[in-house]
Amino acid sequence: MSIFITVTLSLLEGLLTTFKIFALTLLMALPLGLIISFGSMSKIKVIKWPIKTLIWVIRGTPLMLQLIVFGFGPGLLGIDGMDTFVAVMIAFVLNYACYFSEIFRGGIEGIPKGQYEAGAVLGLKKSQIFFKIILMQVVKRIIPPMSNEFLTLVKDTSLANTIMIYEITWNAKRFMNSEHILWPLFYSGVFYLGFCGILTLIFGYIEKKLDYYKG
Amino acid sequence: MKILEIKNLRKSFGKTEVLKGVSFSMEKGQVLSIIGSSGSGKTTLLRSINFLEEADCGEIYVDGKCIYDGASTKKLTAAQIRENQLHFGLVFQSFNLFPQYSALENVMLAPKLLAKERPDFKHNKKEIYAQIEEEAKALLTRVGLADRMNNYPCELSGGQQQRVSIARALALNPKVLFFDEPTSALDPELTGEILRVIRDLASKDVTMVIVTHEIDFARNVSDRIIFMADGVVLEDGTPEEVIDNPKCAKTRAFLQKLNEN
C-alpha cells in the first residue's frame, strides 16, 4: 500500500509540472498565435513569407525534435546555463503558437466581409472592428478545433521528459528503474485522463454559453 | 446649399470600368432613388460614396465641403476615411447585423464607442450611456421593434433584422442615409414592412438615397429618380419624368422588362 501512496504522490508532483507547462504555454502561445496569424495574412511579403516559412518548419518537424534542439542546441553552441525549463517553454510556445495561428487564420478568414463593412460605415476604427465585432465571432467558430489542441497539449507535455523535465511521465518512468515496476506508467494515464476530462467539461460549458447566437 | 454633390465619379476594377463619370446632387430632405439593371454600377456608386471602395477620380462634396478629390495626389488617411464615413449611413442588402449582440446592443455599439472620444466622457460616462440607450430604444420603437429589443439577430425575421439595421444606421444621425437594395434579400411578404419604415423616414425629412428594384415604391416615395446604365446616369428627374416619360430607349426597355416580369 505504501508504494501506491509513494507513486501517487510522485505523480501528483509531476502533475504540477505538467500543469505548469500547460498553463504557461497557453498563456503565451494564444496571444503569440494571434500575432503570427496576422503576420501570415499580411499583404506585406517580407512579413508574410518568413512567417509562413516558420509555420511550415514548426508544423513540419516533430515537437520532440524541437524540444531537443532548444534543450541541447544552446549547449552545443557554447551557450551555457540556459535553464532546461526555459528551453521547454520556448519549444512548446513556438510550436503551439504556430498551430493556434492557423486556427485563428481560418476563423478570421471565415468571417463575412459584410461584418467589417458594417463596422466601417458606422465609423469604427479598425481595432474596434476587430475587438468589438470580429474577435467574439472568431472565438465561437474556433472553439471545437481549439478544444482539440488543448487536449493534445495536455498529452504533449509528456514529451518534456525527453529533456529531463520531471513531469508525470518522467516520474512514472522513474519507478521502472528504481523499483522495477511498470504499473505507475499505466497509472499515469489516469492523471492525463482526469485532466482532459475537466477540460472537456469546461469546453462543453463554454460552447453552451456561446450558443445564444448563431453566425 | 446641396447636402450631397457628386462630380464625375469614376471607378474601375482591373480593366472593367464600372463607373464612367457619375454626377448628381441632392438637397437636404430629398429622397432620391437609383434604378437600373444589375451591373449598371448602382451598388459600386453607393460603396464609393461610403468609402467602402475608393473611387479613381471625381469629387464628393457634403454640405459644400469637399471630402474627396480624386485629383489630389494625397491618399486619404484611415482617420479621414473614417471621418468621411460618419457623414453617411448605409443599410446593406444583407443586413450585416452583429450576431453576438442583441438588437439594442447593435444600435448602441457605434454611438457608445464614439462617445469615448468626447472630451467630457470620463466625467459624464453614466449620463452619456443612459442617453445613448434612451435614443436607441426610441429608434427601435420607431421602426416597430419595441418588443424585440433584447432579441438576437438569429431570433428575428429578415424584415425585423433589416429594421434593426436601419435603426443602427440612424443612431449616428447621418446627413444622408443610403440603402443598397434593402428589400432584395427578403421574402416578398416582408418587403412591405421595410418600405413602410422608409416611407415614414421620408415623411420626417430624412435625406435618403435608395438603390432599389421596387419601381412602384420608388415612384411613391422619391422626389427624384436616377436611372443608371453601364456606369453612367442616363436619366435624372422626377418620378413622372423618369418612369412615365423616359427620354432614353434604354430606360424604356428596362421599365418594360420590369413590367413583363
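Note that this is a predicted model, so its numbers are computed, not measured. (Residues numbered from 1 in each chain as written. Chains lettered and ligands numbered in written order. Predicted model: local features only at pLDDT ≥ 70, side-chain atom pairs only at ≥ 80, totals over all residues.)

What follows covers the overall build of chain B. Regarding its fold elements, chain B presents nine helices and ten strands. Over its C-alpha atoms chain B spans a radius of gyration of 19 Å, differing by no more than 12% from the 18 Å that the globule rule assigns to 261 residues. Considering only contacts in chain B between residues 6 or more positions apart, those separated by 24 or more positions represent 65%. (Helix = DSSP H or I, 4+ residues; strand = E, 2+ residues; numbered from the N terminus. Rg over C-alpha atoms; globule rule 2.2 N^0.38 Å. Contact = placed C-beta atoms within 7 Å.)

Once that is clear, we can look at the environment of glycine 110 of chain A. For glycine 110 of chain A, the location among the structural elements is in the loop between helix H4 (84-109) and helix H5 (113-121). Spatially, the C-alpha atom of glycine 110 of chain A lies 9.6 Å from that of glutamine 137 of chain A, the residues being 27 residues apart in sequence.

A few words on the sheet that holds strand E6 (residues 88-91) of chain B. Residues and elements named next belong to chain B. Reading across the sheet, the six strands line up as E6-E7-E8-E3-E9-E10 and stay open at both edges, with mixed pairing between neighbours. The outermost strands of the open sheet, each flanked by one partner alone, are E6 and strand E10 (232-237). Direction aside, the axes of adjacent strands within the sheet are offset by 20° on average. Bridge count between strand E7 (residues 176-180) and strand E8 (residues 208-211): four bridges; the pairing is parallel. Counterpart to aspartate 180 in the pairing with E8 is valine 211. (Pairing = 2+ DSSP bridges. Axes fitted to C-alpha atoms, helices over the stretch in contact; angles between N-to-C directions.)

The next subject is the interface of chain A and chain B. Contacts between the two partners involve 20 residues from chain A, matched on the other side by 20 residues from chain B. Going through the elements one at a time, H5 and helix H6 (126-156) of chain A are the ones with two or more residues in the side of chain A that touches chain B. Each residue belonging to the side of chain A that touches chain B can be placed in one class, and the counts come to nine nonpolar, six polar and five charged. (Nonpolar A, V, L, I, M, F, W, Y, C, P; charged D, E, K, R; others polar.)

Let's shift gears to the nonpolar core. Ranked by size, the top nonpolar core spans 74 residues in total, and within it Val107, Leu140, Ala167, Phe178 and Met208 of chain B carry the most contacts. Ranked by the residues each element gives to this core, the list is headed by helix H3 (residues 103-115) of chain B, at six residues. Two domains each provide a minimum of three residues to this core, namely domain 1 (1-87 + 176-261) and domain 2 (95-173) of chain B. Among all residues touching leucine 140 of chain B, those that are not within four sequence positions of it are Ala103, Leu104, Val107, Leu145, Ala146, Met149 and Ala167 of chain B. With 29 residues, the next largest nonpolar core counts Phe22, Ile36, Met89 and Val93 of chain A among its residues. (Core = buried A, V, L, I, M, F, W, Y, C linked by C-beta atoms within 7 Å. Buried ≥ 20, exposed ≤ 12 C-beta atoms within 10 Å, placed from the backbone. Domains from an automatic or database assignment.)

Attention now moves to the environment of tyrosine 205 of chain A. Mapped onto the fold, tyrosine 205 of chain A is located in helix H8 (residues 183-209). Since 10 C-beta atoms lie within 10 Å of it, tyrosine 205 of chain A is described here as exposed.

Residue and element names in this part refer to chain B. One open sheet holds the four strands; their spatial order is E2-E1-E4-E5, and the pairing between them is antiparallel. Pairing within the sheet leaves two strands with one partner each, and these edge strands are strand E2 (16-26) and strand E5 (65-69). With strand direction ignored, the average angle separating the axes of adjacent strands in the sheet is 20°.

Residue and element names in this part refer to chain A. The N-to-C vectors of helix H1 (residues 2-41) and H4 enclose an angle of 50°; their axes lie 6 Å apart at closest approach. The orientation of H1 relative to H4 falls into the category oblique. Where H1 crosses over H4, the two elements pack in a sense that is right-handed. Its residues assigned to classes, the contact of H1 with H4 comprises 19 nonpolar, five polar and one charged. (Parallel < 35°, antiparallel > 145°, perpendicular 65-115°, else oblique. Left-handed = near helix turned anticlockwise from the far one by under 90°.)

For an α-helix the count is 3.6 residues per turn, leaving residues at separations of three or four pointing the same way. Residue and element names in this part refer to chain B. With 22 residues, helix H4 (residues 121-142) should cover 32 Å at 1.5 Å per step; its first-to-last C-alpha distance of 27 Å lies more than 12% under that length. The axis of H4 is deflected most strongly, by about 40°, at glutamate 127. Ala136, Leu139 and Leu140 are the residues of H4 that are buried. Taken together, the buried residues of H4 touch H3 and helix H5 (158-170). At the C-terminal side of H4, glycine 144 shows a positive phi close to 80°. (Expected span 1.5 Å × (residues − 1). Bend = angle between axes of the 7 residues up to and from the residue.)

Let's shift gears to the pairing of E8 of chain B. All names here are of chain B. Of the two faces of E8, the one lined by Met208 and Ile210 and the one lined by Val209 and Val211 are each fully buried. In the sheet, strand E3 (residues 31-35) pairs with E8 via four bridges, with the strands oriented parallel. In the sheet register, leucine 32 faces E8, and the bridge partner there is valine 209.

Let's shift gears to the domain arrangement of chain B. All names here are of chain B. Structurally, chain B comprises domain 1 (1-87 + 176-261) and domain 2 (95-173). Relative placement of domain 1 and domain 2: their C-alpha centres are 26 Å apart. The partner domain 2 presents ten residues to the ten residues of domain 1 that form the contact. With four residues, helix H6 (residues 188-203) is the single largest residue contributor to the side of domain 1 that touches domain 2. Tallied by class, the residues present in the side of domain 1 that touches domain 2 amount to eight nonpolar, no polar and two charged.

All names here are of chain A. One can describe the packing of H4 onto H6 by two numbers: an axis separation of 9 Å at closest approach and a directional angle of 145°. Seen from above, H4 lies across H6 with right-handed handedness. Between H4 and H6, the residues in contact are Tyr96, Tyr99, Phe100, Ile103, Phe104, Gly107 and Ile108 and Ile134, Val138, Arg141, Ile142, Pro145, Met146, Glu149 and Leu153, respectively.

Another aspect to go through is the pairing of strand E4 (residues 57-62) of chain B. Regular strands place side chains that alternate from one sheet face to the opposite one. Residue and element names in this part refer to chain B. Sheet topology note: the strand E1 (residues 4-13)/E4 ladder contains five bridges and is antiparallel. Bridged to leucine 4 within E4 is valine 62. In terms of strand pairing, E4 meets E5 through four bridges, oriented antiparallel. Bridge assignment links tyrosine 61 to a residue of E5, and that residue is cysteine 66. Connecting E4 to the antiparallel partner E5 that follows it, the hairpin turn spans two residues, and aspartate 63 within it adopts a positive phi of roughly 50°.

Below, the discussion takes up unusual backbone geometry. Residue and element names in this part refer to chain B. Positive phi is not limited to glycine here, since asparagine 8 has a value of about 50°. One non-glycine residue, aspartate 205, lies in positive phi territory at about 65°. As for its position among the elements, aspartate 205 is in the loop between H6 and E8.

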